[in-house]
Amino acid sequence: MMKKIILCGSYGAGNVGDEAILRSLLQSVQKEFKEASITVLCSFPNEEKKYYSAEFPDVTFEWLFPGGLRSFLLLLLSGKVFKTLKSVRSANLFILGGGGLFTDDESIKAVVLWAMQVFIAKLLKVSVRVVAVSVGPFKGRLARFLSKKALSMADEVSVRDNSSAKLLMEMGVKNSIVKDPVFALDVKNIQDNTASVGKYIILSLRPWHSFVESSYKEIAQALDKIVEEFGFDIVFIPFQTAPQNDVGVLNKISVHMRNKNKLFIRPHTLDIGKVYREFVGAQAVIGMRLHSVVFSIITKKPFIMIAYGDKSLGLIEWYPDYKNRILEIVDLNQLYERFKMISGEVK
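Each residue is numbered by its place in its chain's sequence as written, counting from 1. Only residues with pLDDT of at least 70 get local features here, since the model is predicted, and only at 80 or more are side-chain atom pairs given and counted; chain-wide, interface and lining totals rely on the full set of residues. Side-chain numbers come from the whole structure's heavy atoms, not from hydrogens or water.

Right, let's talk about unusual backbone geometry for a bit. The amide bond that connects glycine 97 to the next residue, glycine 98, takes the cis arrangement and shows omega of -15 degrees. In this fold, glycine 98 is placed in strand E4 (residues 93–102). Residue proline 137 is reached from glycine 136 by a cis peptide bond, and omega for that bond is 0 degrees. A run of H or I in DSSP becomes a helix once it reaches four residues, and a run of E becomes a strand once it reaches two; helices and strands are each numbered from the N terminus. Here proline 137 is to be found in the loop between strand E5 (127–135) and helix H6 (141–153). The backbone of lysine 300 shows a phi angle near 60 degrees, a positive value even though the residue is not glycine. Relative to the assigned elements, lysine 300 resides in the loop between helix H11 (290–298) and strand E12 (303–307). Here the term buried applies to any residue with accessible area under 20% of the maximum for its type, exposed to any over 50%, and partly exposed to those in between, with areas from a 1.4 Å probe on protein chains only. Residue class for lysine 300 comes out exposed when judged on its relative accessible area of 72%. Phi is positive for aspartate 321, which is not a glycine, with a value near 60 degrees. Exposure remark for aspartate 321: the relative accessible area of 48% places this residue in the partly exposed category.

Attention shifts here to helix H9 (residues 246–254). For H9, the full list of buried residues reads Asp246, Val247, Val249, Leu250, Ile253 and Ser254. The arc that holds the buried residues of H9, viewed along the axis, is 155 degrees, so those residues lie on one side. Between two residues, a contact is recorded if the distance between any of their heavy atoms is within 4.5 Å. In this structure, the buried residues of H9 make contact with strand E8 (200–204), helix H8 (213–230), strand E9 (233–236) and strand E10 (263–265). Where H9 begins, one side-chain oxygen reaches toward the backbone nitrogen of valine 247, 3.1 Å away; that side chain belongs to asparagine 245. In this context, the arc is that of the directions from the helix axis out to the C-beta atoms. Any pair of nitrogen or oxygen atoms within 3.5 Å is treated as a polar contact; in protein, a donor-acceptor pairing is required on top of that, and neighbouring residues in sequence qualify only through side-chain atoms on both sides.

Each axis is a line fitted through C-alpha atoms, and for a helix only the stretch in contact is used; angles between axes span 0 to 180 degrees, taken between their N-to-C directions. One can describe the packing of helix H1 (residues 16–32) onto helix H2 (residues 45–52) by two numbers: an axis separation of 12 Å at closest approach and a directional angle of 65 degrees. As for the relative orientation of H1 and H2, their crossing is right-handed in sense. Mapping the contact onto sequence places Glu19, Leu22, Arg23 and Leu26 in H1 and Glu48, Tyr51 and Tyr52 in H2. Residues that form the contact of H1 with H2 fall into these classes: four nonpolar, no polar and three charged. By the definition used in this description, the sense in which the near helix is turned from the far one sets the handedness, with an anticlockwise turn below a right angle giving left-handed and a clockwise turn giving right-handed. Note that Gly is not counted as nonpolar here; it falls among the polar residues with everything else outside the nonpolar set of Ala, Val, Leu, Ile, Met, Phe, Trp, Tyr, Cys and Pro and the charged set of Asp, Glu, Lys and Arg.

Turning our eyes to something else, we now look at the packing of aromatic side chains. Aromatic pairing here means that ring centres of Phe, Tyr or Trp (its six-membered ring) are within 6.5 Å. Orientation follows from the plane angle: under 30 degrees is stacked, over 60 is edge-to-face, and everything else is tilted. Applying the stated criterion across every chain, the model contains 13 aromatic pairs. Joined through ring pairs, the aromatic side chains of Phe183, Phe303, Trp318 and Tyr319 make up one cluster. Here lysine 179 stacks its cationic end above the ring of phenylalanine 183, 6.0 Å away from the centre of that ring. Counted as over-ring charges are cases with an Arg CZ or a Lys NZ within 6 Å of the ring centre that also lie within 35 degrees of the ring normal. Here the guanidinium or amino end of arginine 206 rests over the ring plane of tyrosine 308, the centre of that ring lying 4.8 Å away.

On to the pairing of strand E1 (residues 4–8). By the criterion of burial, E1 is predominantly enclosed, with four of the five residues buried. Judged from the five bridges that link them, E1 and strand E2 (residues 37–42) form a sheet pairing that is parallel. Note that in E2 the partner of lysine 4 across the bridge is serine 37. Call a crossover right-handed when, viewed with both strands pointing away from you, the route from the first strand across the helix to the second goes clockwise. The handedness of the E1 to E2 crossover, carried by H1, is right-handed. Relative to E4, E1 runs parallel, the two sharing four bridges. Bridging across to E4, isoleucine 6 finds its partner in phenylalanine 94. At least two DSSP bridges between two strands are required for those strands to pair.

Right, let's talk about the side chain of serine 254 for a bit. Its place among the elements puts serine 254 in helix H9. In this structure serine 254 touches Lys260 and Leu263, once residues within four positions along its chain are discounted.

We now examine the pattern of salt bridges. The term salt bridge refers to a pairing of a side-chain nitrogen on Lys or Arg with a carboxyl oxygen on Asp or Glu at a separation within 4 Å. For the structure on display, the rule yields 13 salt bridges. With a closest N to O distance of 3.0 Å, arginine 206 and glutamate 106 form a salt bridge. In this pair, arginine 206 sits in the loop between E8 and H8 while glutamate 106 sits in the loop between E4 and helix H5 (109–123), placing the two residues 100 residues apart along the sequence. Since its relative accessible area comes to 4%, arginine 206 is described here as buried. Linking arginine 258 and aspartate 224 is a salt bridge whose minimum nitrogen-to-oxygen distance equals 4.0 Å. Of this pair, arginine 258 sits in the loop between H9 and E10 while aspartate 224 sits in helix H8, and the two are 34 residues apart along the sequence. Connected via shared salt-bridge partners are Glu32, Arg129 and Glu156.

Distances and angles like these do not, on their own, reveal function.
Written as C-alpha cells, this is what we have:
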C-alpha cells in the first residue's frame, strides 16, 4: 500500500530559507519513500503550489492547523480544517521541520503553533518525526513547557545545532544532530541560467531588536570601504519582506552611505533557482539571514556571518575556522577588518 507522508513547517510565509528547506525535504522524502503520496501543510497553499508544481507535480498543498482563534474559525467555516484533518488522519508519517520553530525569542505564538501540529498528529495516532529544528532560547516557562511536551511526544527528533541538542537533553528529550536540510539541496533542476554581470558581494540582513542607529552607521562605513578598496558592487538580497522587512533594515543603512550608486536591491523572490544563481555569481557574502550563509557555503563563497543568537552560531560550528567568520552585532565596527581577513579567498 502506498505510504502517505505529511510535511509541515513554516512554508508559505514568504521566507526564502524556509522555502529552500521545504524543497530539500521534498527531495529527501521522495528518495526515502519512492512511491509515497506527499502532502505539504503550509500557509497559502494555492500560492505555494505554484513554486513546486514543475519539480513536484504530484505533491498536494493544504492549510496547516492555525494557531490563532480567528484563523481557526475562518478555516473551520471554509471547511479547510476538516480537509487537513482528513489528510493527517490517513497519513503514515507526519514530518515537522526544519528551522527555528521552537523558541519564544520573538513571540510565544510560534511555539504554540508548532506544538499544536504535533499534538494533533499524535491525537490522530500518526507517527511524528521532527527534523532539523532549532530549540530555544526560551524567555518564558510556558514556551519551554509546550516545547518539551510536544518534542517528548514525537517519535524522532533531530536538531541542527549543539546548543539545541544540549537543551533538549537537559529537558529529557532524546535527539540527534543533523545539518540544516538546505546543505543537502539538489540544485541541478532549479538553477536559473541568467548570467551574472560584474563583480559583487551579497549582503543579507534582517530586523533584530538589538540593532541601534550606530549599528546601521557601522555597517554603512564598512560597505563604503569595501566598495572603495575592492571595487565591488553590493547586491542586497531580501530573504523576507513581510512581516519582517529586510529591505527596511537596508534603508536605514543606505542613508549613511557615500556609495549609494554601488548598492543594488534585488526583488524579493521565492524562486530558489534565481537566489542560488546570485550566490554562484558573487565574490563573497556578508550574511545575517541564516540561509544566506548556507547558500554561501554550498556555492563555496567566502563569507562573514553577522550572528544574532545561538542558532546562528550553532549552524556553522562544524565549519573550518568558523570563529573568524562570525561577527556579533555588538562588534559591527570590526566588519570591514573582518572582511579584509577573508578577502584573500575571493576569486
